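Residue strings, one per chain:
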Amino acid sequence: MRIVVLTGAGVSAESGVPTFRDADGLWEGHRVEDVATPEAFEYQPSVVHRFYDARRAALATVDPNPAHHALARLEEAIGDDLLVVTQNIDDLHERGGSTRVVHMHGRLRSAWCRACDGRTDWHDDLADHPPCPRCGVTELRPDVVWFGEIPYEMDRISAALDRADVFVSIGTSGAVYPAAGFVQYAGGRGAHTVELNLEPSAGSALFAEARQGPASVLVPRWVS
Ligand SMILES: CC(C)NC(=O)[C@H](Cc1c[nH]c2ccccc12)NC(=O)[C@H](CCCC/N=C(/NCCC(=O)O)S[C@H]1O[C@H](COP(=O)(O)OP(=O)(O)OC[C@H]2O[C@@H](n3cnc4c(N)ncnc43)[C@H](O)[C@@H]2O)[C@@H](O)[C@H]1O)NC(=O)OCc1ccccc1
């Protein structure tokens, strides 16, 4: 039984990581789309850096919750037959014990150098323009996928969706593409589709099965 699990901000909400759709967007009066775009980084890099530096620093104050741990147990049970595709840029899946994880929108604890294209694990701020550890140039940006940019590892994701027997979506509002289109893609190839979410998402009607409730309760129950 090959399973692809897609997760969104809702899987980390009970760990204390704010979601995008509560509090009318995320941050300091900025529409998320206004800080998570290459244009915003061009015109106001310090605002964008502070946005990600604060979220990166906050990672030290949160821990995985029972939903993350349950997915790690499932991986232990079925190994390569499971792939977790996350829209989240936090590292809670890995800290929960998962290893087969694709961060399609990037990672907070990684910096990407626009000069040498190198990526480096990064735990500190970027707003003070530190030099790239590889090439020494001060052209580091958050290693995240902004609106208008192509998500990471789309080939690996499409290949897994092609072969999936089950597609499960956890804690996502289904508002952002291409992730929001995965249910139709997998369902169209015969996969059984399940939504586990606090409330029905924009694409709920597209799922064969939809359960409402907190991820920390629904995911362990679904896994066991
Ligand atoms: C706004 C939207 C309409 N715009 C887009 O989708 C755009 C444009 C677009 C492309 N195709 C389209 C088609 C139609 C319309 C528009 C488009 N997409 C892009 O630009 C993408 C790039 C988008 C990525 C942007 N970066 C992010 N994040 C990283 C940065 C950062 O994090 O700062 S997106 C970011 O927002 C999204 C937020 O959504 P969720 O995670 O779902 O969070 P949200 O708060 O919305 O919802 C939380 C849910 O959880 C539930 N919940 C809450 N608590 C709990 C709980 N306790 N338990 C369970 N559930 C819970 C709630 O009920 C709710 O349903 C996530 O994807 C997240 O990663 N790039 C691209 O398309 O390139 C081309 C391409 C495509 C394919 C192949 C080749 C090329």
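Residues numbered from 1 in each chain as written. Predicted model: local features only at pLDDT ≥ 70, side-chain atom pairs only at ≥ 80, totals over all residues. Heavy atoms only, no water.

**Quick look at the pairing of strand E7 (residues 166-170)**
Put simply, the rule reads: Burial classes follow relative accessibility: with a 1.4 Å probe on protein chains only, a residue under 20% of its type's maximum area counts as buried, one over 50% as exposed, and anything between as partly exposed. Strands are runs of DSSP state E lasting at least 2 residues, helices are runs of H or I lasting at least 4, and numbering of each runs from the N terminus. Pairing between two strands requires that DSSP report at least two bridges joining them.
Counting buried positions over the five residues of E7 gives five, a clear majority of the element. Covered by surrounding structure in E7 are Val-166, Val-168 and Ile-170 together with Phe-167 and Ser-169, the residues of both alternating faces. Two strands pair when backbone bridges link them, and strand E1 (residues 3-7) and E7 are joined in this way by five bridges, in the parallel orientation. Across the sheet, the residue bridging to Ile-3 is Val-166, located in E7. Where E7 meets strand E8 (residues 192-197), five bridges bridge the pair, whose relative direction is parallel.

**A few points about the UniProt feature "active site" (unreviewed entry) in the protein**
Put simply, the rule is: UniProt positions are given in the numbering used here, feature names are shortened, and annotations may be inferred rather than shown by experiment. Contact between two residues is taken to exist if any of their heavy atoms lie within 4.5 Å; hydrogens are not considered.
Per the UniProt record, "active site" (unreviewed entry) is annotated on His-105. On the secondary structure map, His-105 appears in the loop between strand E3 (101-103) and strand E4 (106-113). By relative accessible area, which is 13% here, His-105 ends up buried. Those residues in contact with His-105 that sit more than four places away from it in its chain are Thr-86, Gln-87, Ile-89, Val-144, Val-145, Pro-151 and Val-176.

**Some remarks on the packing of aromatic side chains**
Rule in force here: In summary, the pairing rule links any two rings of Phe, Tyr or Trp, Trp by its six-membered ring, whose centres are within 6.5 Å, and it sorts them by plane angle into stacked for under 30 degrees, edge-to-face for over 60 and tilted for everything else.
Evaluation of the coordinates by the stated rule reveals four aromatic pairs. Taking 4.7 Å as the distance between ring centres and 85° as the angle between the ring planes, the aromatic pair formed by Phe-51 and Tyr-52 counts as edge-to-face. Each member of the pair, Phe-51 together with Tyr-52, is buried. Centroid distance Tyr-52 to Trp-146: 6.3 Å. Interplanar angle 45°. Geometry classified as tilted.

**Focus on the domain arrangement of the protein**
In plain terms, the rule: What counts as a domain boundary in this text is fixed by an automatic or database domain assignment. Note on terms: buried area is the combined drop in 1.4 Å-probe accessible area of two parts once they are placed together, counting the loss on both. Every case where a carboxyl oxygen of Asp or Glu lies within 4 Å of a side-chain nitrogen of Lys or Arg is listed as a salt bridge. Only Asp, Glu, Lys and Arg are considered charged in this grouping, and only Ala, Val, Leu, Ile, Met, Phe, Trp, Tyr, Cys and Pro are considered nonpolar; every other residue, Gly among them, is considered polar.
Considered domain by domain, the protein is made up of domain 1 (1-17 + 64-105 + 150-224) and domain 2 (20-61 + 108-144). Between domain 1 and domain 2, the contact holds ten residues from the first and eleven residues from the second. Both faces combined, the contact of domain 1 with domain 2 buries some 790 Å², and carbon together with sulfur accounts for 52% of it. In terms of surface lost to domain 2, no three residues of domain 1 exceed Ile-89, Asp-91 and Tyr-152, which account for 56% of the buried area on that side. Here domain 1 and domain 2 share one salt bridge between them. The partner of Arg-109 in a salt bridge is Asp-91, with the nearest N and O atoms 2.8 Å apart. Here the side of domain 1 that touches domain 2 is composed, by residue class, of five nonpolar, two polar and three charged.

**Here's the deal with the pattern of salt bridges**
In total, this model carries 13 salt bridges according to the counting rule given. The shortest N-O distance in the salt bridge between Glu-209 and Arg-211 comes to 2.7 Å. Classification of Glu-209 as partly exposed rests on a relative accessible area of 24%. Put simply, Asp-63, Asp-91, Arg-95 and Arg-109 are held in one network by salt bridges that share partners.

**A few points about helix H9 (residues 215-223)**
Within H9, burial applies to Ala-215, Ser-216, Leu-218, Val-219, Pro-220 and Trp-222. Buried residues along H9 sit in contact with E1, helix H1 (10-13), helix H5 (66-78), E7, E8 and strand E9 (209-212).

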